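What follows is each chain in one-letter form.
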Amino acid sequence: MTNVLKYKNWYRMEGGDDTDHFRDLELLRERCSALNRNRGKNGNSDDGAGSTKPSPVCTIKDHTNDVTSVDFAGRSLLATGSSDKSVRVFKWQVGDQFVEVGYSPLLGHTYAVNCVNFSPYGTKLASASTDGSTIIWDVKTGDRLCTLQPPSDAAVRVCAFSPNSALLAAGGDDDMAGIWDVSTLSLLRNRQCPEKCLLRRMCGDESTVTSVGFTPDSCYLATGSSGGELRVWDARYGHSVPLAMKAEAHDLGVSSLHFSPVVGKEEISALGKQYLLASGGQDTELHLWVVEIESQILGGDNTPIIALHHSLCGHSAPIMSVRFNANGLILASASGDKTVRLWDTIKLTPLAVLEGHKRYVTSCAFSDDGALVAAGSGDRVVHVWRVDGATSSVNQIPGKSVGKKKLMVRFPSQRFRENVKLVEWNCEDVCGWLVEQGLAEYSHNFRSHAIDGRELLTVTDEILEEKLGVGHRNRILRLVRKSSQDSLTKKEAPNAPPSEYLCPITQELISDPVLCADGFTYERVAMEAWLASGKRTSPMTNEKLTHLTLTPNRTLRTLIQSYGGSATTSCEATSDES
């Protein structure tokens, strides 16, 4: 029962069978394989099972310098930014061809354009430049709506609209990120006072802000820096300090980040709110993070956290851009190794390798329907690949309504590991702990040597260096000592309660046990909060509950009360002996 929250069925989809989660991904693999066969490609690679290599269906060669950024508005429009100081907009035509619109190129920047981003509704386009400005363009006419200029004249590296289209975040070489109110079009047209749109500026440390991204509910903003830190800020209120920070998220700096568009989009529940964040760095690492904010787990710590969920390996050079597709099932990553890779975010496995560029790939983007992937490169070219099947296949599932189908995600809270003594950890617990501490690269060696909690307590600097090949030896030893002290604190508590007396949700001793339709017993307050949040599935099995009646478990309550009395007596006896 203590391991119930470590189950792997974190992803579930209302109104569908368990196999529905992976239907999109399987169809994507089939379509990519078909494309390879049609073009005479081999389809086999060294990048893992199921990995394919489609060829570009369209190539754009209009820029005269490095293509630094690409973005889609629906499928109909594609925007590109370049070091040639221009922004170009292309319109999709039948046959997967893109033709430049009449008002393109958009010329207004005096130095390189570093980032382009469409608003969620496709009516505005933002471009950030080394000249220190961020220009917002009218997508329909190509007119400049306004120019946002921060107090400093430092280069602006990134910009991003919030999902509700009301805010725009931008960051750059002045080591700060700013949030602008862009909700009122009439205010934007008043170019005489654009500074009134600046809501707040956030300062982290002395390092360039290299990436920004809003959570899918537009409540929070994440920033990445050249120093390697990830920070999460409140986008609604003017807090001057980050809500959560992850130091050394990437050793050589964060290059890009992006939130899953679906994880955390639902309203907050009594069990807290979580987001899935992808980040790529100069260290060639691609990480998935669980960002947990406003947790209200009974008896738990409600401090926001950024915890490593998984690391995806495959790139051999710095990762320069990461992007989820619209339904969050697929992640694309662009790298200096001249490739774009597609990843299954559920199975955490590679799907496809998109090749064609001759130099480093700076950016990538999905069309809203998930059928197309575009990427820009230092070779001055934009390639577009067709990878459809990921989104349109949902319509092919009989009896399923796309509008009613909603991806629901929960990850086990990293705080539940604190309920297990370090000496009792098994090998997988130790490897999971390494991942949580940002040391995932050593988990393979620890697993191959079967290092469990008992052996972890006895490791020395020599063992870490000679047998396990660990480079962060002092850091691991320091973390082990800290975990050991926490473990001893727990060990001093006499008569640890049996696992049967703990609520599967709160992992604490049950005071008011109730029996649920799934046959398991929970704390009444926790189970009522679970049901009040709109869930109609079992926390243990994820199966649909046949009814919602909670029946008092008086037998278990009597046993727990008896245990409570004996534990108190034992505690008093221990106190007398001391």
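No experiment lies behind these values; they were computed from the predicted model shown. (Residues numbered from 1 in each chain as written. Predicted model: local features only at pLDDT ≥ 70, side-chain atom pairs only at ≥ 80, totals over all residues. Heavy atoms only, no water.)

### Some details on the overall build of the protein chain
Put simply, the rule is: Here a helix means four or more residues in a row that DSSP labels H or I, a strand means two or more in a row labelled E, and each is numbered from the N terminus. With a 1.4 Å probe rolled over the protein chains alone, any residue whose accessible area is under 20% of its type maximum counts as buried; one over 50% counts as exposed, and the rest are partly exposed. Any pair of residues with heavy atoms lying within 4.5 Å of one another is described as a contacting pair. Under the convention used here, a 1.4 Å probe and the Shrake-Rupley method define accessible areas, while residue burial counts only the protein chains that appear.
Across its full length, the protein chain holds nine helices and 34 strands. Counting every position in the protein chain, which comprises 578 residues, the buried fraction comes to 54%. The contacts of the protein chain with a sequence gap of at least 6 include a subset with a gap of at least 24, amounting to 53%. Total accessible area on the protein chain stands at roughly 25300 Å², and carbon and sulfur atoms take up 49% of it.

### What about the side chain of aspartate 283?
As a reminder, the rule being used: Pairs of N or O atoms within 3.5 Å make up the polar contacts considered here, provided that, within protein, one atom can donate a hydrogen while the other can accept it, and that residues adjacent in sequence are counted only when both atoms are side-chain atoms.
Along the chain, aspartate 283 turns up in the loop between strand S21 (273–281) and strand S22 (286–293). Side-chain polar atoms of aspartate 283 contact the side chain of histidine 250, separated by 3.0 Å. Contacts of aspartate 283, omitting those with residues within four sequence positions, involve His250, Asp251 and Leu252.

### Here's the deal with unusual backbone geometry
With omega at 5 degrees, the peptide bond leading from serine 104 into proline 105 counts as cis. Mapped onto the elements of the fold, proline 105 is located in the loop between strand S6 (97–100) and strand S7 (106–107). Of note, the phi angle at aspartate 175 is positive, near 65 degrees, even though the residue is not glycine. According to the relative accessible area criterion, aspartate 175 is partly exposed, its value standing at 21%. Phi is positive for threonine 284, which is not a glycine, with a value near 70 degrees. By the element assignment, threonine 284 lies in the loop between S21 and S22.

### Quick word on empty space enclosed by the protein
Convention followed: Grid spacing is 1 Å over the protein atoms alone, the probe is 1.4 Å, and a cavity is where that probe fits but cannot get out, while a pocket is an open set with protein on both sides within 12 Å along at least five of seven lines and lining residues have an atom within 4 Å of a point. Grid points are joined across faces, edges and corners, and a volume is the space filled by probe spheres set on the points. Throughout, the ten residues Ala, Val, Leu, Ile, Met, Phe, Trp, Tyr, Cys and Pro are labelled nonpolar, Asp, Glu, Lys and Arg are labelled charged, and all others, Gly among them, are labelled polar.
What the rule picks out here adds up to three cavities of 30 Å³ or more. Empty space within the second largest cavity amounts to approximately 120 Å³. Around the second largest cavity, the lining comprises 16 residues; the ones closest to its centre are Pro150, Val156, Ala170, Asp174 and Arg201. Broken down by secondary-structure element, the contributors of at least two residues to the lining of the second largest cavity are strand S13 (167–172), strand S14 (176–181) and strand S15 (198–203). Counting residues per element, the lining of the second largest cavity draws most heavily on S14, which supplies four residues. Residues of the lining of the second largest cavity, tallied by class, amount to ten nonpolar, four polar and two charged.

### Description of the pattern of salt bridges
So the rule is basically this: In the sections that follow, a salt bridge refers to a side-chain nitrogen of Lys or Arg positioned within 4 Å of a carboxyl oxygen of Asp or Glu.
In the structure shown here, the tally under the stated rule is eight salt bridges. Note that aspartate 71 is salt-bridged to arginine 323, the shortest N-O span being 3.1 Å. Separated by 252 residues along the polypeptide, aspartate 71 in strand S3 (residues 67–73) and arginine 323 in strand S24 (residues 319–324) bring together distant segments of the chain. Residues arginine 201 and aspartate 174 are paired through a salt bridge, measuring 2.3 Å at the closest nitrogen-oxygen approach. You can see arginine 201 sitting in strand S15 and its partner aspartate 174 sitting in the loop between S13 and S14, a full 27 residues away along the chain. For aspartate 174, a relative accessible area of 19% corresponds to the buried category. Salt bridges linked by common partners bring Asp512, Arg524, Glu528 and Arg557 together as one network.

### What about the sheet that holds strand S20 (residues 254–259)?
Strands pair in a sheet through their backbones, by hydrogen bonds, and they do so in one of two ways: parallel or antiparallel. How we decide: At least two bridges found by DSSP between two strands is the condition for calling them paired. Where helices are involved, their axes are fitted lines through C-alpha atoms of the stretch in contact, as for all axes, and angles between N-to-C directions lie from 0 to 180°.
Taken in spatial order, the four strands make up an open sheet running S20-S21-S22-S23, and their pairing is antiparallel. Two strands in the sheet have a free side with no partner beyond their single neighbour: S20 and strand S23 (305–312). The mean inter-strand angle of the sheet, taken between neighbouring strand axes irrespective of direction, is 25 degrees. Relative to S21, S20 runs antiparallel, the two being bridged by five bridges. Paired with histidine 258 across the bridge in S21 is alanine 278.

### Looking at the pairing of strand S17 (residues 220–225)
For a regular strand, side chains alternate in direction, first toward one face of the sheet and then toward the other. In terms of burial, S17 is largely enclosed, as six of its six residues are buried. In S17, alternate side chains face the same way, and those of Tyr220, Ala222 and Gly224 on one face and Leu221, Thr223 and Ser225 on the other are all buried. Taken together, the five bridges between strand S16 (residues 209–214) and S17 define a ladder with antiparallel strand orientation. By the bridge assignment for S17, serine 211 is matched with glycine 224. In textbook terms, the turn of a hairpin is the stretch between consecutive antiparallel strands, and for S16 and S17 this stretch comprises five residues, one of which, serine 218, has a positive phi near 65 degrees. Where S17 and strand S18 (residues 230–234) come together, five bridges link them in antiparallel fashion. Counted as the bridge partner of glycine 224 is leucine 230 from S18.

### Some details on the environment of leucine 457
Considering the arrangement of structural elements, one finds leucine 457 in the loop between helix H5 (453–456) and helix H6 (461–466). Residue class for leucine 457 comes out partly exposed when judged on its relative accessible area of 36%. Sequence separation between leucine 457 and valine 423 is 34 residues, and the spatial gap between their C-alpha atoms is 7.4 Å.

### A few points about the sheet that holds S13
Overall, antiparallel pairing links the four strands, which are arranged S12-S13-S14-S15 in an open sheet. With partners counted over all chains shown, the strands left at the sheet margins are strand S12 (156–161) and S15, one partner each. Taking the axes of each pair of neighbouring strands and ignoring which way they run, one obtains an average angle of 20 degrees across the sheet. As defined by bridge partners, S12 adjoins S13 across five bridges and the pair is classed as antiparallel. When the bridges of S13 are listed, alanine 160 appears paired with alanine 169.

### As for the confidence of the model for the protein chain
For the record, the criterion: Per-residue confidence from the prediction method is given by pLDDT, with values spanning 0 to 100.
With 73% of its residues at a pLDDT of 70 or more, the protein chain has an overall mean of 77. Low confidence marks residues 296–300, where pLDDT is under 50. Its contacts with residues over four positions away, or in another chain, come to 15 contacts. Counting interchain partners and residues more than four positions distant, the pLDDT-below-50 stretch residues 412–419 has 31 contacts.

### A word on helix H8 (residues 524–532)
Every buried residue of H8 is accounted for by Ala526, Met527, Ala529, Trp530 and Leu531. Of the residues flanking the end of H8, it is glycine 534, one or two places downstream, whose phi is positive at about 100 degrees.

### Things to note about the packing of aromatic side chains
The line we're drawing: In this analysis, rings of Phe, Tyr and Trp, with Trp reduced to its six-membered ring, are considered paired at centre separations within 6.5 Å, and the interplanar angle assigns stacked below 30 degrees, edge-to-face beyond 60, and tilted for intermediate values.
In this structure the tally under the stated criterion is three aromatic pairs. When the centroid spacing of 6.2 Å and the interplanar angle of 55 degrees are considered together, the rings of phenylalanine 72 and phenylalanine 98 count as tilted. With a gap of 26 residues between them, phenylalanine 72 in strand S3 and phenylalanine 98 in strand S6 connect regions that are remote in the sequence. For the pair phenylalanine 72 and phenylalanine 98, one class covers both residues: buried. Here the aromatic rings of phenylalanine 259 and tyrosine 275 are separated by 6.0 Å at their centres, their planes lie at 75 degrees, and the arrangement is edge-to-face. You can see phenylalanine 259 sitting in strand S20 and its partner tyrosine 275 sitting in strand S21, a full 16 residues away along the chain. In terms of burial, phenylalanine 259 and tyrosine 275 fall into one category: buried. Three or more aromatic residues link up through ring pairs in this structure, and these residues are Tyr220, Phe259 and Tyr275.

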